[in-house]
Amino acid sequence: STFALEMKEMDKKPFSVEAIRADFPILQTEVYGKPLVYFDNGATSQKPQVVIDAIEQYYSKENANIHRGVHYLSQKGTDAYEKARKTIQTYINAAHEHEIIFTKGTTDGINLVASCFGELIHEGDEIIISAIEHHSNIVPWQMLCERKKAVLKVIPVLESGELDQEAYRALLNEKTKLVSCTHISNSLGTINPVKEMIQQAHAVGAKFLVDGAQSIQHLSIDVQDLDCDFFAFSSHKVFGPTGAGALYGKEDILNAIPPYQGGGDMIAKVTFEKTTYNELPFKFEAGTPHIIGGIATGIALEYLSSLDLEGLQAYEHELLTYAEEQLKVIEGLRFIGTAKEKASVCSFFIDGLHPFDVGTLLDKQGIAVRTGHHCTQPIMDFYKIPGTIRASFAFYNTKVEIDQFIKALKRSVDMLR
């Protein structure tokens, strides 16, 4: 009920970065004798103690296969796994629990859609992606188009790192069957207006997949409000373990498309003459899953739900603004991605210096950033650079860490010039 939701909101702790940092043991680590400053959250996030404890607890005291056993441990594991599915459904506000498919992560979810929904694609049909996609949201569609003789179209990007919305609207037509677009660019931080883009895709009868790998940890996600047909995310980006994630799909679409993996759990009946597939969500979950991966994903989202999400989002934006102001003093520094709507990602290039060299010197000073093309080579080609230095912030980072980062960056630049 609305009252229950309001009471739950009242129960949340006010945002406190000091209290939150205490929940993440790795933040006390030293690197080369320096306190770790972890600014590579876009690649993977750190894990709170509750997630680490859940993984240790499962393997030391509760390990068993699920969905198949009548014994106590199997039942216990099944209950925990299905509870996590319910947690994900609630967190992203899916209409039904069975619309949540456990996957290995965003890449796996996108490939599932490309393979399964891809069976409905015919020669001459069109699929649209954008110029700022991660390779994981480019290559599966290229493979599908090659296989089905379909046409892949690309929404161009503006110099700011924002998508050309006028060009997008011009690409849409009755041949468009699917649009697959990142919610937030991993290399630029651009927040795309996916809700409006989804409405425009639906107007021509196309489906829409949202790559939520970089958004679920920064924004409040409501798949019913977005009205997306698919939404994929990875657990390790949202404070859970690697090798786990989920795909949301609308019930009617999931029922209409075939599975692409066969095996245990995804079947209702098997004979040598014919196999009948299981009901949702199991139809798309062949074989023994990453059980604790699913369970720990639920734990991670429960942890996140216990926090003041509005305060968290405001704090991350404050970190972004502060970092950008400090970085402006670096001579020859050019921001790559200056969209009006941005997540807490600073991506930049320093004239005359290779990002790898800068990143290596930062590492020796305890600063973890990402350097390179970030699996987005086409956008780096667009800017005519080999890659960027990317500092991506989470709610457990601080302005003090940014100060340390700026000091180390200035020192690195001086050493290289």
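The following refers to the structure shown.

Scoring rules and cut-offs
Residues numbered from 1 in each chain as written. Predicted model: local features only at pLDDT ≥ 70, side-chain atom pairs only at ≥ 80, totals over all residues. Heavy atoms only, no water. Buried < 20%, exposed > 50% of the residue type's maximum accessible area, 1.4 Å probe, protein only. Helix = DSSP H or I, 4+ residues; strand = E, 2+ residues; numbered from the N terminus. Pairing = 2+ DSSP bridges. Core = buried A, V, L, I, M, F, W, Y, C linked by side-chain atoms within 4.5 Å. Contact = heavy atoms within 4.5 Å. Axes fitted to C-alpha atoms, helices over the stretch in contact; angles between N-to-C directions. Parallel < 35°, antiparallel > 145°, perpendicular 65-115°, else oblique. Left-handed = near helix turned anticlockwise from the far one by under 90°. Nonpolar A, V, L, I, M, F, W, Y, C, P; charged D, E, K, R; others polar.

1. Regarding the pairing of strand β8 (residues 207-211)
Counting buried positions along β8 gives four out of five residues, so the element sits mostly inside the fold. Strand direction decides the pairing type here: strand β7 (residues 176-182) and β8, joined by five bridges, are parallel. Counterpart to leucine 178 in the pairing with β8 is lysine 207.

2. Section: the nonpolar core
Across soluble globular proteins, you tend to see nonpolar side chains buried next to one another. Ile92, Tyr168, Phe208, Leu304, Phe395 and Tyr396 are the most contacted members of the largest nonpolar core, which has 65 residues in total. Among the elements that make up this core, the one with the highest residue count is helix α11 (residues 291-305) (six residues). With residues up to four places along the chain from it excluded, the contact list for leucine 304 reads Tyr91, Val238, Phe239, Leu309, Leu312 and Phe395. Judged by nonpolar contacts, the second largest core, of 27 residues, contains Leu320, Ile367, Val369 and Phe405.

3. Some details on the packing of helix α13 (residues 355-364) against helix α15 (residues 399-416)
Packing of α13 against α15 brings their axes to within 9 Å, and their N-to-C directions diverge by 125°. In terms of their interaxial angle, α13 and α15 are classed as oblique. Between α13 and α15 lies a crossing whose hand is right-handed. In contact with Asp357, Val358, Leu361 and Leu362 of α13, α15 contributes Phe405, Ala408, Leu409, Ser412, Met415 and Leu416. Partitioned by chemical class, the residues of the contact of α13 with α15 number eight nonpolar, one polar and one charged.

4. Details of unusual backbone geometry
A cis amide bond links leucine 280 to the next residue, proline 281, at an omega of 0°. With respect to the helices and strands, the residue proline 281 is situated in the loop between β12 (275-277) and α11. Look at histidine 374: it is not a glycine, yet its phi comes out positive at around 60°. Tracing the chain through its elements places histidine 374 in the loop between β16 (370-372) and α14 (377-383). The exposure class assigned to histidine 374 is buried, which follows from its relative accessible area of 8%.

Everything listed here is a matter of geometry and, on its own, says nothing about what the molecule does.
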